[in-house]
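# Architecture at a glance
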Amino acid sequence: MKAIIYRENGGPDVLQRVDRDLPAPGPGEVRVRVAVSGVNPTDWQARSGAAPPKQFSEVTPHLDGAGVIDAIGEGVDPSRVGQRVWLFMAAAGRPTGTAAELTVVPAERAVPLPDEASFDVGASLGVPALTAQRALTVAEDGPRRLRPGALDGRVVLAAGGAGAVGHAVIQLARWAGATVISTISGPEKARLATAAGAHHVINYREGDPAAEIRKVAPGGVDIIAEVALGANLRAAIRLLLPMRLRARGARGGRRPRPRRSARGRGVACAAAARAGGLPAGSSAMSTPSGGCSVTSGGTGMFAYANRSSGDAVATRGWSTGESAKNEVSS
Ligand SMILES: NC(=O)c1ccc[n+]([C@@H]2O[C@H](COP(=O)([O-])OP(=O)(O)OC[C@H]3O[C@@H](n4cnc5c(N)ncnc54)[C@H](OP(=O)(O)O)[C@@H]3O)[C@@H](O)[C@H]2O)c1
């Protein structure tokens, strides 16, 4: 079969097209004939060497994709052969992602794709949709699962609604009943965010976007799914209703200064940002105690909490597990 691989980190020129043997599915795995391979920031960041560190001597990239199951391993329902599926996290913890004619994944990472959904749609779900789902359900007082009505009465701010994660946030939040505000950078992006279901679109590059958001949500917003945390954290803190910050992190952007707030909302989130920046794919959430928990599943997790004053908390804990947690109080 044809596969795309890289052996060294670097720019797109490290990618090579090669022939490889057909992979065989092991116990609990399925083999999928890939129709469409999805590309995420994580994929090119991993290839470039930014993060996470390369684990294998040869890597076929791409976490997400869509296709048809053509073989199954021991213990998998035989009726799944021929099933249309969308894939997520295909290359997580293994050297072979979806940039190949066939790929093998754990059966649970191949999700049935309805006939009316194209492979293009299937390949664009994956990690962005899971990230959006996580951002909308991670709150202590939020729904654990999304369904129609789960976010009734809530106001969701979907940053970057024309991007992969923002687009998924808009669709899921609207479906779940929220009023959805989205930030965009121009008319074409506004059209995309509106088509996804945003009730209000606001250009973040013009005027005072926070003031525009306040006009729609005078009391503040319930949930922010943020894709440019470094650039927007200070505004996010001002816009949030107390104790409801969930944000998807990204490197880059101006790093915010720490804020002190008598109401204790988001204080430690700002301190966390100052102390070390936030990694791509992290999420931040204010806690009932007025602290902030920052997590990043898969590649590690770190958490900060400041239970009272807003003094910077400067402890960072990394682990490679998904469930490890290091929460610090000042
Ligand atoms: N894709 C994933 O699976 C995934 C998973 C977890 C975390 N993340 C992280 O989430 C972030 C977004 O990923 P993505 O896949 O959605 O990327 P993307 O498709 O490239 O979209 C990025 C979006 O961010 C918007 N943006 C940039 N600067 C902004 C600002 N200052 N304020 C508001 N919006 C801003 C852009 O808007 P304009 O184009 O209109 O400027 C664009 O819509 C990345 O940092 C990524 O590492 C992604």
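Remember, predicted model here, so these are calculated numbers, not experimental data.

Strand order in the open sheet made by the four strands is S10-S9-S8-S11, with parallel pairing throughout. Strand pairing shows two members of the sheet lacking a second neighbour, strand S10 (200–203) and strand S11 (223–225), which therefore form its edges. Neighbour-to-neighbour, the strand axes of this sheet turn through a mean angle of 20°, independent of strand direction. Pairing analysis gives three bridges linking strand S8 (residues 155–158) to S11, with the strands arranged parallel. Opposite Val156, over in S11, you have Ile223 as the bridge partner.

Our focus in this paragraph is the confidence of the model for the protein chain. Per-residue confidence for the protein chain averages 77 on the pLDDT scale, and 69% of its residues sit at or above 70. Counted against residues more than four places away or in other chains, residues 250–268, with its pLDDT under 50, gives 53 contacts. This model gives residues 296–330 a pLDDT under 50, and the stretch forms 89 contacts once residues within four places in sequence are excluded.

Moving on, we come to helix H1 (residues 41–48). Among the residues of H1, those classed as buried are Asp43, Ala46 and Arg47. Buried residues of H1, seen end-on, are gathered within an arc of 100° and therefore sit on one face of the element. Of the surrounding secondary structure, the elements contacted by the buried residues of H1 are strand S3 (29–38). A positive phi of about 100° marks Gly49, the residue just after H1.

One pass over the full model with this rule turns up one aromatic pair. Summarising the aromatic geometry, the rings of Trp86 and Phe88 are spaced 5.9 Å apart at their centres and angled 45° between planes, so their arrangement reads as tilted. There is no split in this pair, since Trp86 and Phe88 are both buried. The ring of Phe119 carries Arg84 above its face, with NZ or CZ at 4.4 Å from the centroid.

In this sheet, strand S6 (residues 102–106) lies alongside S3 in antiparallel orientation, the contact comprising five bridges. Bridged to Glu29 within S6 is Pro106. Both S3 and strand S4 (residues 64–72) contribute to a ladder of eight bridges, which runs antiparallel. Among the inter-strand pairings, Val32 is bridged to a residue of S4, identified as Ile69.

So, on to helix H4 (residues 187–196). Those residues of H4 that sit buried are Ala190, Ala193 and Ala196. Angularly, the buried residues of H4 cover 125° about the axis, an arc narrow enough to put them on a single face. Relative to its buried face, H4 has exposed residues pointing more than 90 degrees away, namely Pro187 and Ala195. In the core, the buried residues of H4 are packed alongside helix H3 (164–175), strand S9 (179–184) and S10. Immediately beyond the C-terminal end of H4, within one or two residues, lies Gly197, with a positive phi of roughly 125°.

With that settled, the discussion passes to the environment of Gln171. Mapped onto the elements, Gln171 comes out in helix H3. Spatially, the C-alpha atoms of Gln171 and Ala129 are 9.4 Å apart, while their sequence positions differ by 42 residues.

What follows is about the side chain of Thr60. In this fold, Thr60 is placed in the loop between H1 and S4. Contact partners of Thr60, with chain neighbours within four places excluded, come to Ala3, Ile4, Ile5, Ala91, Pro95, Thr96, Gly97, Ala99 and Ala100.

With their axes 8 Å apart at the nearest point, H3 and H4 run at an angle of 35° to one another. Residues His167, Ile170 and Gln171 of H3 lie in contact with H4, whose contacting residues are Leu192, Ala193 and Ala196. When the residues that make up the contact of H3 with H4 are grouped by side-chain class, the tally is four nonpolar, two polar and no charged.

In total, this model carries seven salt bridges according to the counting rule given. Where Glu212 meets Lys215, a salt bridge forms, and the shortest distance between an N and an O atom there is 3.0 Å. Pair noted here: Glu212 and Lys215 are both in helix H5 (residues 209–216), with a separation of three residues, about one helical turn. Classification of Glu212 as partly exposed rests on a relative accessible area of 33%. Of the residues examined, Lys215 reaches a relative accessible area of 61% and is grouped as exposed.

Now for the packing of helix H2 (residues 119–137) against H3. Remark: H2 packs on H3, axes separated minimally by 8 Å, with the N-to-C direction vectors making an angle of 55°. The angle between the axes of H2 and H3 places the two elements in the oblique class. Here H2 and H3 pass one another in a crossing that is right-handed. Mapping the contact onto sequence places Pro128, Ala129, Thr131, Ala132, Gln133 and Leu136 in H2 and Ala164, Val165, Ala168, Val169, Leu172 and Ala173 in H3. A class-by-class count of the residues in the contact of H2 with H3 yields ten nonpolar, two polar and no charged.

Definitions and limits used
Sequence positions are assigned chain by chain, starting from 1 and proceeding in written order. Note on the predicted model: pLDDT of at least 70 is required for a residue's local features to be given, and 80 or more for side-chain atom pairs to be given and counted; whole-chain, interface and lining totals, by contrast, use all residues. Working from all heavy atoms in the structure, the side-chain values ignore hydrogens and water. A pair of strands is treated as paired once DSSP finds two or more bridges between them. The secondary structure listing takes helices from DSSP runs of H or I that are at least 4 residues long and strands from runs of E that are at least 2 residues long, numbered from the N terminus. Each axis is a line fitted through C-alpha atoms, and for a helix only the stretch in contact is used; angles between axes span 0 to 180 degrees, taken between their N-to-C directions. Values of pLDDT, ranging from 0 to 100, describe the predictor's confidence in every residue of the model. Between two residues, a contact is recorded if the distance between any of their heavy atoms is within 4.5 Å. Partly exposed describes any residue whose relative accessible area lies between the buried limit of under 20% and the exposed limit of over 50%, with all areas from a 1.4 Å probe on protein chains only and scaled to the type maximum. Taken from the helix axis, the directions to the C-beta atoms give the arc we talk about. Stacked, edge-to-face and tilted labels apply to pairs of Phe, Tyr and Trp rings (six-membered ring for Trp) whose centres lie within 6.5 Å, assigned for plane angles under 30 degrees, over 60, and everything in between, in that order. Here, a charge over a ring means that NZ of Lys or CZ of Arg falls within 6 Å of the ring centre while also lying within 35 degrees of the ring normal. Three residue categories are used. Nonpolar comprises Ala, Val, Leu, Ile, Met, Phe, Trp, Tyr, Cys and Pro, charged comprises Asp, Glu, Lys and Arg, and polar comprises the others, including Gly. Salt bridges are identified by distance alone: a Lys or Arg side-chain nitrogen within 4 Å of an Asp or Glu carboxyl oxygen. Convention used here: angles under 35 degrees read as roughly parallel, angles over 145 as roughly antiparallel, angles from 65 to 115 as roughly perpendicular, and any remaining angle as oblique. Note on convention: the crossing is left-handed when the near helix lies turned anticlockwise from the far helix by less than a right angle, right-handed when the turn is clockwise.

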